[in-house]
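Residue strings, one per chain:
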Amino acid sequence: MGSLSNALGALDPTSDRAVFRQIADQLREAINRGRFKEGAKLPSEAELVEHYGVSRMTVRNSFSILTGEGLVHAEHGKGVFVRTRPAVRRLASDRFARRHREQGKSAFLVEADAAGSQPQVDSLEVKEEKASQDVSTRLGSVRRVLARRRRYLLDGRPVEFAASYLPLDIARGTPIAEPDPGPGGIYARLEELGHRLDHFEEEIRARMPSPDEVRTLRLAPGVPVIHLVRTAYDTEGRAVEVCDTVMAADAYVLAYQLPAT
């Protein structure tokens, strides 16, 4: 009880804030201050019932709030644990550097290596299809594209899924249309085909996931996604790929370096 008293405060009987919300506030603060570390087990229902002098249902309601915020997750028969924070630092200014492609590494492999994680790609689909209005506009009014869809995992955990769309006059009949495009990924193949990459444009927004996205990424309740759409341009100014990516927001830190001039 002593250690629990050190980590958590007491309820304020004069507050108009509901008791279960006060308990959630104190647990959240304790997590944010590092009193309960990532992966640590929170005090049990019985311990919190004794500490606060409340019912089990009150404690469960407090846990539900934190679960909905994506701060904790429950493991059946084991307890409630603090969720781990982002494992991958996504360096936007470096991940598509040509030196990585020349070393035979795709951007995802570079990030996985930096995080010390084991990368995996599954749910791969490659096919020709009609371009959506948005993709067509971004690629310069093309009608059909080669679509490459895949899911990315780190240490067995799904962290993102992406769909790349490329003009057929560039991709058809090339290694880009193969399930495994080879070392360095599709960007290395584009440059070998004479489309030397010049720059990328990215649009990023955060939102709550759809039910399909929850299933695909195995998201915990309350965890949002990062929706990123990237367009790659070659040195002639042509858009050569659009990549539509949905990322688990609790798996990434997006890091940028911006010039001040």
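Here's a quick rundown of the structure. (Residues numbered from 1 in each chain as written. Predicted model: local features only at pLDDT ≥ 70, side-chain atom pairs only at ≥ 80, totals over all residues. Heavy atoms only, no water.)

On to the overall build of the protein. Of the regular secondary structure elements, the protein holds 10 helices and 10 strands. Over its C-alpha trace the protein gives a radius of gyration of 23 Å, far above what one expects of a compact globule, namely 18 Å for 261 residues. For the C-alpha atoms alone, the extent of the protein along its principal axes is close to 70 × 40 × 35 Å. Each of the 261 residues in the protein was classed as buried or not, and the buried ones make up 44%. Across the protein, the fraction of contacts at a sequence separation of at least 24, relative to all contacts at a separation of at least 6, is 60%. Working note: accessible area of the protein is about 13,900 Å², and carbon and sulfur atoms make up 49% of it. With 38 positive and 37 negative side-chain charges, the protein shows a spacing of 2 Å between the two charge centroids. (Helix = DSSP H or I, 4+ residues; strand = E, 2+ residues; numbered from the N terminus. Rg over C-alpha atoms; globule rule 2.2 N^0.38 Å. Buried < 20%, exposed > 50% of the residue type's maximum accessible area, 1.4 Å probe, protein only. Contact = heavy atoms within 4.5 Å. Areas by Shrake-Rupley, 256 points an atom, 1.4 Å probe, with all protein chains shown as cover. Lys, Arg positive; Asp, Glu negative; His and termini not counted. Charge placed at Lys NZ, Arg CZ, Asp CG, Glu CD.)

In this structure, Gly-237 sits in the loop between strand E8 (225-234) and strand E9 (239-248). Along the sequence, Gly-237 and Asp-198 sit 39 residues apart, while their C-alpha atoms lie 7.9 Å from each other.

A word on the pairing of strand E2 (residues 79-82). Pairing of strand E1 (residues 72-75) with E2, which is carried by four bridges, proceeds in the antiparallel orientation. In the strand pairing of E2, Glu-75 is matched with Gly-79. Taking the residues that link successive antiparallel strands as the turn, the E1-E2 hairpin has three residues, and the phi of Gly-77 there is positive, at about 80°. (Pairing = 2+ DSSP bridges.)

Of all residues except glycine, most have a negative phi; of all peptide bonds, most are trans. Of note, Ser-141 is a non-glycine position whose phi angle comes to about 70°, a positive value. Looking at the element boundaries, Ser-141 is found in the loop between helix H7 (133-138) and strand E5 (144-154). Backbone geometry places Arg-218, a non-glycine residue, at a positive phi of 50°. Structurally, Arg-218 can be placed in the loop between helix H10 (211-217) and E8.

Two elements in contact, helix H3 (residues 45-52) and helix H4 (residues 56-68), have axes whose closest approach is 9 Å; the angle formed by their N-to-C orientations is 115°. Relative to H4, H3 is oriented roughly perpendicular. Read as a crossing pair, H3 and H4 show a hand that is right-handed. Residue-level contacts link Glu-45, Ala-46, Leu-48 and Val-49 of H3 to Arg-56, Val-59, Arg-60 and Phe-63 of H4. Per-class residue counts for the contact of H3 with H4 are five nonpolar, no polar and three charged. (Axes fitted to C-alpha atoms, helices over the stretch in contact; angles between N-to-C directions. Parallel < 35°, antiparallel > 145°, perpendicular 65-115°, else oblique. Left-handed = near helix turned anticlockwise from the far one by under 90°. Nonpolar A, V, L, I, M, F, W, Y, C, P; charged D, E, K, R; others polar.)

Before going further, it helps to spend a moment on the sheet that holds strand E6 (residues 157-167). Judged by pairing direction, the sheet is antiparallel, and its six strands sit side by side in the order E4-E5-E6-E9-E8-E7 without closing on themselves. Strands at the two margins of the open sheet, each flanked by one partner only, are strand E4 (119-130) and strand E7 (197-207). Strand after strand, the sheet turns through a mean of 15° between neighbouring axes, direction not considered. When E8 meets E9, the two strands line up antiparallel, connected through nine bridges.

Along its 14 residues, helix H2 (residues 19-32) runs 20 Å from first to last C-alpha, staying within 8% of the 20 Å computed at 1.5 Å per residue. Looking at the residues trailing H2, positive phi occurs at Gly-34, about 85°. (Expected span 1.5 Å × (residues − 1).)

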